[in-house]
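One-letter residues, chain by chain:
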Amino acid sequence: MKKSLSNGIIAVVMMGLLALTGCGGNQSQPPANDGANNGANGGEEKVLKIGSAIEYAPFEFMDEKQTPTGFDIDLMNEIAKDLGYTAKFESSSFDGLVAAIGLGKYDAVISAMTITDDRAKSVLFSDPYFESAQIIAVKKGSAIKSEQDLKGKKVGVQQGTTGQFAVEDLGIDPRKFDTIGDAINDMMIGGSEAVVADTPTLYYFITQNPNMDIEIIPSAFEKEYFGIAFKLDNKELADQVNATLKKFMDNGKYNEIYKKWFNEDAPKF
């Protein structure tokens, strides 16, 4: 993640503010719609079925009413609205989302998913919509001071994420969990010595759990870019989403959503 974003998020922590597939939009290839929802005029509501691992705050999580919320959720809702659709979200395990797109379960997936060459063999990505990077969480007082210090240690990650891939690139076989919260809880009881995950997610977790003795260790992991994923042959919907993303970047809508969740202006990338 860009240094400016990391600094901004630290400021947010200090302030306590952080707390597909199948089808395009034309008649021959409509987005998934079960026909159960009707519009105000009695017509069928135009729905985009969106897959997401809704357990990765502040990008996607359930609020106190068990309604999906977060940066990704707000962005996708606004994109769908701009295209004349209603976004309907379904939560799934992160490591199953790519396969679900190929099976036609969703029109799109938004889930803080990093664009990688390997994933791009199975899904069609939108233009990048978020810049990120991996950082390290440890118990306070840990001897781990950099990613190189992770070697020979037990490291927790969320399964299927680029946090897992970054740790594996260091020659480490990580302890894999369904959620970052599970990984951190395992670290706190001594199962592992560190957790690697996206910068905003780890800072958000710490803010929401101030009594846990956790500290963040900066790292030199490479920048990553998130994308919205579609079925490989669904270029029409991908192009429509890209056009709306560009419009939002230009007219300030993207920055408005970004600032709501990260308390600073969006970086340029």
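One can find the structure itself at the top, above this paragraph.
I will try to describe carefully the structure that is included in this document. Bear in mind the structure is a predicted one, so any value in this text is a computation, not a measurement.

Section: unusual backbone geometry
So, step 1. In this model, A57 is joined to P58 through a cis peptide bond whose omega is 5°.
So, step 2. A positive phi is found at Q66, a non-glycine position, where the angle reads about 60°.
So, step 3. For Q66, the position within the fold is in the loop between β2 (61-62) and β3 (68-69).
So, step 4. Relative accessible area serves as the criterion here: at 58%, Q66 is assigned to the exposed category.
So, step 5. Of note, N263 is a non-glycine position whose phi angle comes to about 60°, a positive value.
So, step 6. Turning to its location among the elements, N263 is positioned in the segment after α8 (253-262).

Focus on empty space enclosed by the protein
In this approach a probe as big as a water molecule rolls over the atoms, and the regions it shows empty are the leftover space.
So, step 1. Considered as a void within the structure, the largest cavity measures approximately 70 Å³ in volume.
So, step 2. What lines the largest cavity is A53, Y56, F94, S111, A112, T114, R119, Q158, T161, T162 and D198.
So, step 3. Here the residues of the lining of the largest cavity sort into four nonpolar, five polar and two charged.
So, step 4. A domain split of the lining of the largest cavity shows at least three residues from each of domain 1 (47-131 + 226-262) and domain 2 (132-217).
So, step 5. Its boundaries defined by the atoms lining it, the second largest cavity holds a volume of some 50 Å³.

Some details on the nonpolar core
Inside soluble globular proteins, nonpolar side chains tend to come together where they are buried.
So, step 1. Of all hydrophobic cores here, the largest spans 49 residues; its most connected members are F71, L75, Y129, F130, I184, L202 and I228.
So, step 2. Summarising the domain contributions, this core has at least three residues from each of domain 1 (47-131 + 226-262) and domain 2 (132-217).
So, step 3. Excluding its chain neighbours within four sequence positions, the residues that come into contact with L75 are I110, Y129, L245, F248, Y254 and I257.
So, step 4. Listed in part, the 14 residues of the second largest apolar core include V157, A166, V196 and F221.

What about α8?
So, step 1. Residues of α8 that are buried: Y254, I257, Y258, W261 and F262. All buried residues of α8 lie within an arc of 110° about the axis, which places them on one face of the element. The outward face of α8, more than 90 degrees from its buried face, is lined by the exposed residues E256 and K260.
So, step 2. Two residues or fewer after α8 comes N263, characterised by a positive phi angle close to 60°.

With respect to the layout of surface pockets
So, step 1. When its volume is computed, the largest pocket comes out at roughly 320 Å³.
So, step 2. Around the largest pocket, the lining comprises 14 residues; the ones closest to its centre are T162, A166, D169, E222 and E224.
So, step 3. In terms of residue class, the lining of the largest pocket is built from six nonpolar, four polar and four charged.
So, step 4. Of the residues that make up the lining of the largest pocket, three or more belong to each of domain 1 (47-131 + 226-262) and domain 2 (132-217).

Digging into the packing of helix α2 (residues 71-82) against α8
So, step 1. Closest axis-to-axis distance for the α2/α8 pair is 10 Å, and the angle between their directions is 160°. Judged by the inter-axis angle, α2 sits roughly antiparallel to α8. Remark: the crossing between α2 and α8 carries right-handed chirality. Here F71, D74, L75 and E78 of α2 lie close against α8, whose contacting residues are K253, Y254, I257, Y258, K260, W261 and F262.
So, step 2. Partitioning the contact of α2 with α8 into residue classes produces seven nonpolar, no polar and four charged.

So, the environment of K247
So, step 1. In this structure, K247 sits in helix α7 (residues 235-251).
So, step 2. On the accessibility criterion, K247 (38% relative accessible area) is partly exposed.
So, step 3. Once the C-alpha coordinates of K247 and D82 are considered, the two residues, 165 residues apart in sequence, prove to be 10.0 Å apart.

Points about the pattern of salt bridges
A side chain of one charge can pair with a side chain of the opposite charge if their charged atoms are brought near each other.
So, step 1. Summed over the entire model, instances satisfying the criterion amount to ten salt bridges.
So, step 2. K260 serves as the salt-bridge partner of D74, at 2.7 Å between the closest nitrogen and oxygen. Separated by 186 residues along the polypeptide, D74 in helix α2 and K260 in helix α8 bring together distant segments of the chain.
So, step 3. On the accessibility criterion, D74 (16% relative accessible area) is buried.

How each quantity is defined
- Residues numbered from 1 in each chain as written.
- Predicted model: local features only at pLDDT ≥ 70, side-chain atom pairs only at ≥ 80, totals over all residues.
- Heavy atoms only, no water.
- Helix = DSSP H or I, 4+ residues; strand = E, 2+ residues; numbered from the N terminus.
- Buried < 20%, exposed > 50% of the residue type's maximum accessible area, 1.4 Å probe, protein only.
- 1 Å grid on protein atoms, 1.4 Å probe; cavity = no way out; pocket = protein on both sides within 12 Å on 5 of 7 lines; lining within 4 Å.
- Points joined across faces, edges and corners; volume = space filled by probe spheres on them.
- Nonpolar A, V, L, I, M, F, W, Y, C, P; charged D, E, K, R; others polar.
- Domains from an automatic or database assignment.
- Core = buried A, V, L, I, M, F, W, Y, C linked by side-chain atoms within 4.5 Å.
- Contact = heavy atoms within 4.5 Å.
- Arc of directions from axis to C-beta.
- Axes fitted to C-alpha atoms, helices over the stretch in contact; angles between N-to-C directions.
- Parallel < 35°, antiparallel > 145°, perpendicular 65-115°, else oblique.
- Left-handed = near helix turned anticlockwise from the far one by under 90°.
- Salt bridge = Lys/Arg side-chain N within 4 Å of Asp/Glu carboxyl O.

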